[in-house]
Amino acid sequence: MGLANRITTFFGTRFDLDAGREFLDKQIHKRLPPHTSWLHVFASLSLLLFISQTVTGILLLMYYRPTPEEAHASIKYITGEAHFGWLFRQIHAWGASLMILFVVLHMMRTFFAGAYKKPRELTWITGTGLFVITIIFGFTGYLLPWNQVAFWATTVGTESANKVPVIGSWLQYFLRGGDAVTGETLSRFFVVHVIILPWILAGLVGVHLFLMRLNNLATLERVGEEKPFPHQCGIPFYPVHVAKEGAVAVLLLAVLVTLSVVAPWGIGEPADPLSTPEHIKPEWYFLPSYQLLKYFEGPYGAVVGILACSVPFILLIVWPFLDRGKERHPKKRPLAVGIGLLGAVAALFLGVLGHISETDQTFFGKRYHIDLLGRPHLIDENRSGEEVPGEHP
Ligand code: HEM
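Criteria and cut-off values
Residues numbered from 1 in each chain as written. Predicted model: local features only at pLDDT ≥ 70, side-chain atom pairs only at ≥ 80, totals over all residues. Heavy atoms only, no water. Phe/Tyr/Trp six-rings, centres within 6.5 Å; stacked < 30°, edge-to-face > 60°. Helix = DSSP H or I, 4+ residues; strand = E, 2+ residues; numbered from the N terminus. Buried < 20%, exposed > 50% of the residue type's maximum accessible area, 1.4 Å probe, protein only. Lys NZ or Arg CZ within 6 Å of the ring centre and 35° of its normal. Donors = N, O, S within 2.8 Å, 3.2 Å for Na, K, Ca; no water. Tetrahedral: all angles 85-135°; square planar, octahedral: opposite > 155°, others 65-115°.

Engineer: Kindly report on the packing of aromatic side chains, identifying the contributing residues and their values.
Structural biologist: The full count for this structure, using the stated rule, is 20 aromatic pairs. Seen in terms of ring centroids, F139 and F189 are 5.6 Å apart; in terms of plane orientation they differ by 50 degrees. Their pairing is tilted. In this pair, F139 is assigned in helix α6 (residues 121-143) and F189 in helix α9 (residues 183-215), connecting sequence segments 50 residues apart. Under the relative-accessibility criterion, F189 is labelled buried at 4%. Through successive ring pairs, a cluster of aromatic residues spans F111, F112, Y116, W124 and W319. In this structure, R188 packs its charged tip against the face of F174, placed 5.8 Å from the ring centre.

Engineer: Got a sec to walk through the coordination of the iron atom of the ligand? Specific residues and values, please.
Structural biologist: Distances from the iron atom of the ligand to its protein donors, H106 (NE2) and H208 (NE2), fall at 2.0 to 2.1 Å. Coordination at the iron atom of the ligand comes from six donor atoms whose angles at the metal span 87 to 179 degrees, giving a geometry best classed as octahedral. With H106 in helix α5 (residues 85-112) and H208 in helix α9, this pair connects stretches of sequence that are 102 residues apart. Both residues of the pair, H106 and H208, count as buried.

Given below as structure tokens:
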């Protein structure tokens, strides 16, 4: 008897293999709705990136040391000396940004397709949980190299927690593990990043996918009128959709490796709590909130700012219960689609303002200084960098 047969006989005499085969067959040969397109691959790309982050994260953990004395040096060692350490670090750093990007794109696809409506409200809510956890992954991971930018961005980021009404000072102390960002903060962020969040995310992805399987993917029909589509109309999950996902997965890996080689993340200078660098900016996914907070000054302004940043998240969570219309097709939901587009454009606009604020930029051949709030001031070239007051492009 061949080895394969002996293994099958071993398990076949102990478990009901036919039932398992039948279950797998049903999953693999399920049909997806006829409108299933390339846009549906954002979800599997998010999942693939989570797996890649876990694998590269475990490899980094073999050399990373979470203490203020050793963290920066250990990242230097990983990048310069450990075999392929530079590649795993780069894939992990770029993977974090791409994962956030694909989670947002997947969220936008399900939003515009009305896939959050009954009976998929819980799939959406677990999705918003995944979105928040992915962002916290980014926030906690950013501090781990313990370089100047990471240290000061975390100092500024945790300072905003202080502005939360009532529990602000407690929250800031809790996040930092003390009054300032220290080794205690590093330990906390490390434990949250490598133990707590991965397990929560893995569990939540499981629930999310289970709910998605229970209800199947949404069609574009009205709520309550979704009919099981005729077998020949649906798109076969295997091999058609799997082939699409495989193709984009290969492309994604190629993009990750290319970015790692042509645009590597630096290591930066080791953190120095006594010297504050100029113009600290957070990662791109925090730029919209970072910019929005700047418009709210003073004790009450800061509180209003925190509320202004929280409202979009709260709206996102409860959205399936606010939009109770029956239509799913984007062309028949102008209000919801308009609100979604407005939110996306506002986030993009604030993000760009956050990125260019406190820098000099050239528009239509003229130099402008962009101030903290994103207002442009014309620079008078003849007066070596002085601004002309009140002139805007
Ligand atoms: C780590 C993050 C996430 C992973 C790995 C993930 C994974 C998936 C997968 C594989 C599907 C099925 C394919 C598809 O519909 O495109 C799906 C469906 C869905 N996801 Fe996610 N998701 C994530 C985050 C989110 C977020 C942030 C939201 C929204 C807030 C969301 C809402 C939904 C909804 C509503 C569906 C059902 C789509 C339909 O029926 O057409 N997911 N998710």
